[in-house]
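Structure at a glance
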Amino acid sequence: MGSFNSNQIFTIVTCSFVRAIKRLDLMINILKELKFELVWHLIGDGPDLEKVKNINQQLPSNITMVYHGQKSRNEIFEFYKLNHINLFVSLSSSEGLPVSMIEALSYGIPLMSTDVGGCNEICNEQTGFLIPKKFNHKIVSHKIEEFKSSEKNTEKFRFGCRKFWEENFKADKNYSDFSSKIINLS
């Protein structure tokens, strides 16, 4: 489980290759609507990073940006384990089943994702909330505000997120289940 303290500043994380399909440039419109203090950790690098950094210069003073650049898988895991994170966010316009979400969920971090590709297999009412691919930034801001003061922003919900990961995405369990199915085909 990742570190969590409900008294700390509300913190979101994004973890992706920074390119157009990830739509990180749209985050500013969501964050500008929020009036509470918030920290956004952006993990990743890519061709659109400078564009996102330039746009983010317009963020209001209640929003703090932390750019981590490219991190190894182990460094990301260590970050999730040691740092307070309220919400993992994905605004992608297209996805398969995102490994980045699976990894965040394994640390009990709730998810907010666009409803694209296989995201709805991992992001649901048990693990966070989905937003439409073509979302209204004000509605998404409101959903984040609701999340902040809801039962989903609690230790108990985070344990439920971790349990969902264990039951549906934990490699040891899935390999064992898959092996059993193959053996039973004989």
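The shown structure was predicted, so the numbers you read here are calculated from the model rather than taken from an experiment. (Residues numbered from 1 in each chain as written. Predicted model: local features only at pLDDT ≥ 70, side-chain atom pairs only at ≥ 80, totals over all residues. Heavy atoms only, no water.)

As a further point, take the nonpolar core. I12, L31, L38, W40, L87, M112 and I144 are the most contacted members of the largest nonpolar core, which has 28 residues in total. When residues of this core are traced back to their parent elements, those giving at least two are β1 (10–15), α1 (27–32), β2 (38–43), α2 (49–56), β3 (63–69), β4 (87–90), β6 (128–131) and α5 (137–148). With four residues, α1 is the single largest residue contributor to this core. Sequence-distant contacts of I144, defined by excluding residues within four places in its chain, comprise F10, I30, L34, F36, L87, M112 and F129. With 25 residues, the next largest nonpolar core counts V13, F77, L111 and F169 among its residues. (Core = buried A, V, L, I, M, F, W, Y, C linked by side-chain atoms within 4.5 Å. Buried < 20%, exposed > 50% of the residue type's maximum accessible area, 1.4 Å probe, protein only. Helix = DSSP H or I, 4+ residues; strand = E, 2+ residues; numbered from the N terminus. Contact = heavy atoms within 4.5 Å.)

What follows covers the packing of aromatic side chains. One pass over the structure, following the stated rule, counts seven aromatic pairs. Measuring from centroid to centroid gives 5.6 Å for F10 and F36, while their planes differ by 80°, and the two rings are edge-to-face. Placement of the pair is F10 in strand β1 and F36 in the loop between α1 and β2, with a sequence separation of 26 residues. Judged on exposure class, the residue F10 and its partner F36 are both buried. A connected cluster of aromatic rings, assembled from ring pairs, spans F10, F36, F129 and F147. A cation over an aromatic ring shows up here: K53 above the ring of Y67, its NZ or CZ 5.1 Å from the ring centre. (Phe/Tyr/Trp six-rings, centres within 6.5 Å; stacked < 30°, edge-to-face > 60°. Lys NZ or Arg CZ within 6 Å of the ring centre and 35° of its normal.)

Relative to the helices and strands, K152 resides in the loop between α5 and α6 (155–168). When its relative accessible area of 11% is taken as the criterion, K152 is described as buried. Within the local environment of K152, its side chain forms a polar contact with the side chain of E125, the two groups lying 2.7 Å apart. In this structure, K152 is in contact with P110, E125, G128, F147 and F157, ignoring residues within four places of it in sequence. (Polar contact = N/O pair within 3.5 Å; in protein donor to acceptor, adjacent residues only side chain to side chain.)

Our focus in this paragraph is helix α3 (residues 73–82). Side chains three or four residues apart in an α-helix point the same way, a direct result of the helix having 3.6 residues per turn. Listed in full, the buried residues belonging to α3 are I76, F77, F79 and Y80. Taken down its axis, α3 places every buried residue within 160° of arc, on the same side. Those residues of α3 that are exposed and aimed more than 90 degrees away from the buried face are N74 and L82. As for α3, its buried residues are in contact with β1, β2, β3, β4 and α4 (99–105). (Arc of directions from axis to C-beta.)

Right, let's talk about the environment of H142 for a bit. Structurally, H142 is set in helix α5. When its relative accessible area of 44% is taken as the criterion, H142 is described as partly exposed. Considered as a pair, H142 and I43 are 99 residues apart in the sequence and their alpha carbons are 24 Å apart.

Next up on the list: the environment of S61. Along the polypeptide, S61 turns up in the loop between α2 and β3. You can call S61 exposed: its relative accessible area is 78%. Considering only alpha carbons, one finds S61 and K35, 26 residues apart in sequence, at a separation of 9.7 Å.

Next up on the list: the sheet that holds β3. Pairing is parallel in the open sheet, where six strands are placed in the order β3-β2-β1-β4-β5-β6. The strands lining the two open edges of the sheet, one partner per strand, are β3 and β6. Shown here is a sheet whose adjacent strand axes are inclined to one another by a mean of 20°, direction ignored. In terms of strand pairing, β4 meets strand β5 (residues 111–114) through three bridges, oriented parallel. Bridge pairing links S90 to S113 in β5. The sheet strands contacting α5 are β1, β4, β5 and β6, and the helix crosses β6 at an angle near 175°. (Pairing = 2+ DSSP bridges. Axes fitted to C-alpha atoms, helices over the stretch in contact; angles between N-to-C directions.)

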